[in-house]
Amino acid sequence: MDAVVVAISVILSLSALIETGRGGHWWQFAVLLLAQAALMVRRQAPWLLLVGIVLMDAVILFATPELGSMSAAAWFALYVVALRLRTPWALVVAVGASIPSAAYFAFAYKPGEQFLAEHGPFIGLVASVSVILSNLVAVGVGIVVRGNRLHQTEVREWAIRRAQLASVQERNRIAREMHDVVAHSLTVMVALSDGASRALERDPEKARAVLGELSATGRAALADMRRVLGVLRADSGGAGREPSPSGLQALIEGFRAAGLPVVLVQEGEALPDDATFRLAVFRIVQESLTNVLRYARGLSRVEVRVAREGGAVRILVEDDGGAASEGAVKELGTGGGIAGMRERAALFGGSLTAGPRPGGGWRVNAELHWTEGNR
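Here is what the cut-offs are and how they apply
Residues numbered from 1 in each chain as written. Predicted model: local features only at pLDDT ≥ 70, side-chain atom pairs only at ≥ 80, totals over all residues. Heavy atoms only, no water. Axes fitted to C-alpha atoms, helices over the stretch in contact; angles between N-to-C directions. Helix = DSSP H or I, 4+ residues; strand = E, 2+ residues; numbered from the N terminus. Parallel < 35°, antiparallel > 145°, perpendicular 65-115°, else oblique. Contact = heavy atoms within 4.5 Å. Nonpolar A, V, L, I, M, F, W, Y, C, P; charged D, E, K, R; others polar. 1 Å grid on protein atoms, 1.4 Å probe; cavity = no way out; pocket = protein on both sides within 12 Å on 5 of 7 lines; lining within 4 Å. Points joined across faces, edges and corners; volume = space filled by probe spheres on them. Patch = residues over 30% accessible without salt bridge, like charges linked within 9 Å, V, L, I, M, F, W, Y side chains within 5 Å. Areas by Shrake-Rupley, 256 points an atom, 1.4 Å probe, with all protein chains shown as cover. Salt bridge = Lys/Arg side-chain N within 4 Å of Asp/Glu carboxyl O. Pairing = 2+ DSSP bridges. Expected span 1.5 Å × (residues − 1). Buried < 20%, exposed > 50% of the residue type's maximum accessible area, 1.4 Å probe, protein only. Left-handed = near helix turned anticlockwise from the far one by under 90°. Lys, Arg positive; Asp, Glu negative; His and termini not counted. Polar contact = N/O pair within 3.5 Å; in protein donor to acceptor, adjacent residues only side chain to side chain. Core = buried A, V, L, I, M, F, W, Y, C linked by side-chain atoms within 4.5 Å.

Undergrad: Kindly report on the packing of helix α4 (residues 46-63) against helix α6 (residues 87-108), identifying the contributing residues and their values.
TA: For the pair α4 and α6, the least separation of the axes is 10 Å and the interaxial angle reads 5 degrees. When the axis of α4 is compared with that of α6, the two are roughly parallel. For the pair α4 and α6, the contacting residues are W47, L50, V54, A58, L61 and F62 in the first and V93, A97, P100, S101, Y104, F105 and A108 in the second. Of the residues that constitute the contact of α4 with α6, the class distribution is twelve nonpolar, one polar and no charged.

Undergrad: Could you give an account of empty space enclosed by the protein, with specific residues and numbers?
TA: The probe, sized like a water molecule, is rolled over the atoms to show the empty space still left. Scanning the model with the defined rule gives one cavity of 30 Å³ or more in all. By volume, the largest cavity amounts to about 50 Å³. For the largest cavity, the full set of lining residues is V54, D57, M70, A74, A97, S101 and N135. Elements represented by at least two residues in the lining of the largest cavity include exactly α4 and α6.

Undergrad: Outline a nonpolar patch on the surface, supporting the account with residue identities and numerical values.
TA: On the surface, a nonpolar cluster with roughly 490 Å² of combined accessible area is contributed by M1, V4, I8, L12 and W75. The element contributing the most residues to the nonpolar patch is helix α1 (residues 2-12), with three residues. Along the chain, I8 turns up in helix α1.

Undergrad: Account for the sheet that holds strand β1 (residues 262-268), with residues named and values stated.
TA: Strand order across the open sheet formed by five strands is β1-β3-β4-β7-β6, with mixed pairing between neighbours. Each edge of the open sheet carries a strand with a single partner, namely β1 and β6 (351-356). Between one strand and the next, the sheet's axes are offset by a mean angle of 10 degrees, whatever the strand orientation. On the sheet, helix α10 (residues 247-257) packs against β1 and β3 (302-309) and is oriented at approximately 165 degrees with respect to β1. Sheet strands in contact with helix α11 (residues 275-295) are β1, β3, β4 (312-319), β6 and β7 (362-369), and its direction is about 10 degrees off that of β4.

Undergrad: Can you explain α4? Please cite residues and give values.
TA: Along its 18 residues, α4 runs 26 Å from first to last C-alpha, staying within 8% of the 26 Å computed at 1.5 Å per residue. Within α4, burial applies to P46, L49, L50, I53, V54, M56, D57, A58, I60 and L61. Contacts from the buried residues of α4 go to α3 (26-37), α5 (73-82) and α6.

Undergrad: Tell me about the packing of α4 against α5, and please be specific about residues and values.
TA: Between α4 and α5, the least distance of the axes is 9 Å, while the angle of their chain directions is 155 degrees. One element, α4, and the other, α5, form an angle in the roughly antiparallel class. Crossing handedness for the pair α4 and α5: left-handed. The residues of α5 that touch α4, namely those facing P46, W47, L49, L50, I53 and D57, are A73, A74, A77, L78, V80 and V81.

Undergrad: Requested: an account of α5, with residues and values cited.
TA: Summarising burial for α5: eight of the ten residues are buried, a large majority. All of the buried residues along α5 are A73, A74, F76, A77, L78, V80, V81 and A82.

Undergrad: Break down the environment of V81 for me, with residues and values.
TA: Checked against the element boundaries, V81 lands in helix α5. In contact with V81, other than residues within four places in its own chain, are P46, W47, L50 and V93.

Undergrad: Can you lay out the side chain of D319 for me, pointing to particular residues and giving the numbers?
TA: By secondary structure assignment, the location of D319 is in strand β4. Notably, D319 is buried but unbridged: the nearest opposite-charge side chain belongs to R357, and the N-O separation is 6.6 Å. Within the structure, the side chain of D319 is placed 3.0 Å from the backbone nitrogen of G321, a separation counted as a polar contact.

Undergrad: So, the nonpolar core: which residues are in play, and what are the values?
TA: One finds V281, L289, V304, V306, I315 and L368 to be the most contacted residues of the largest nonpolar core, which totals 39 residues. The greatest single-element share of this core, amounting to nine residues, is contributed by α11. When neighbours within four sequence positions are excluded, V306 is seen to be in contact with L248, L264, V265, Q266, E267, L271, V281, V285, V313 and R314. Counting residues in each nonpolar core, the second largest holds 29 residues, with A35, L49, A74 and V93 among its members.

Undergrad: Hey, could you go over the environment of V141 for me, with residue numbers and the actual values?
TA: As for its position among the elements, V141 is in helix α8 (residues 123-202). Taking the C-alpha atoms as reference points, V141 and A82, 59 residues apart in sequence, are found 8.3 Å from one another.

So, to be careful, I would describe these as geometric facts and stop short of saying anything about function.
Below, the structure written as structure tokens:
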């Protein structure tokens with residue numbers, strides 16, 4: 001590209017080179033060639049190059065007023081400088097670099113009598129203005145190219161930030177899934193193991209059944225974790241996003257086996273077929289019941305109500321128990337469950353509230369909205 005730029009500048013300066021060579025102005029000819037060759041260092045020393053070319057043109061012009069020859073190298077030098085400056089300063093530099101040549105053509109240029117008679121007395125002024133305008137055009141090209149490069153850089157940075165944000169969002173989604181799977185499964189398994197240890201001496205058969213349920217819960221947890229971790233191995237977006245094939249009913253049965261007196265009430269139409277939406281409902285119910293099993297004491301009833309009315313799905317999970325001791329909370333809780341449920345509800349334009357229930361117990365109330373556009 002350096003060679004191409006020099007070649008183009010030489011072609012554009014051919015008239016000046018021919019005029020100086022034909023007239024025997026050999027040192028002027030050499031200076032013009034030197035100005036073209038100097039463009040090879042335009043990227044390494046743009047300011048030095050611009051100053052040098054402007055001075056070389058000025059020396060040639062003022063040393064031979066009758067010649068009026070200058071090269072096109074100044075345009076390329078101005079272009080390179082304009083790539084490094086803001087627009088106002090680039091325009092100032094263009095005008096400043098034009099002053100020597102413009103002053104020469106306006107005040108010192110002496111065309112021949114015949115040339116002057118043919119073209120009028122203002123030929124020098126016209127040439128002066130032409131120098132300024134041509135330099136402004138060269139700087140304008142540099143300004144446009146600089147703007148395009150800045151835009152490309154901004155787009156590239158935006159794309160990188162977007163990719164980073166998508167990565168963070170994916171990690172957060174996987175973290176929510178892992179939290180729900182691990183917290184639910186471990187809480188149920190702890191409850192089952194406690195029940196088995198208490199029943200071991202009094203009722204060995206019941207203890208054996210509870211241990212079987214404990215083993216099944218562990219296997220189910222491993223299967224859920226494999227589905228979630230599958231997202232990390234294959235960028236499918238769908239792996240690990242399906243709820244248990246048996247759905248809410250199987251989830252409720254698992255909690256009943258762990259000793260939770262829970263009932264499921266479903267109202268209205270069936271849940272939408274969208275897997276992501278069903279997963280959100282499943283995880284909200286799962287996390288709510290996990291918290292009940294983890295924290296509540298003295299329970300007589302836990303109710304899960306899932307009602308669909310049009311595109312709105314309402315989830316209500318409430319119990320009538322009392323709170324566990326502070327030690328139990330610190331031992332089993334992670335602090336991210338309710339925040340994760342709120343995030344899941346927000347994904348579908350909904351909301352979630354969780355807090356004490358009038359008369360004792362705890363209530364989780366969520367509402368999610370589903371439309372065809374969520375698919």
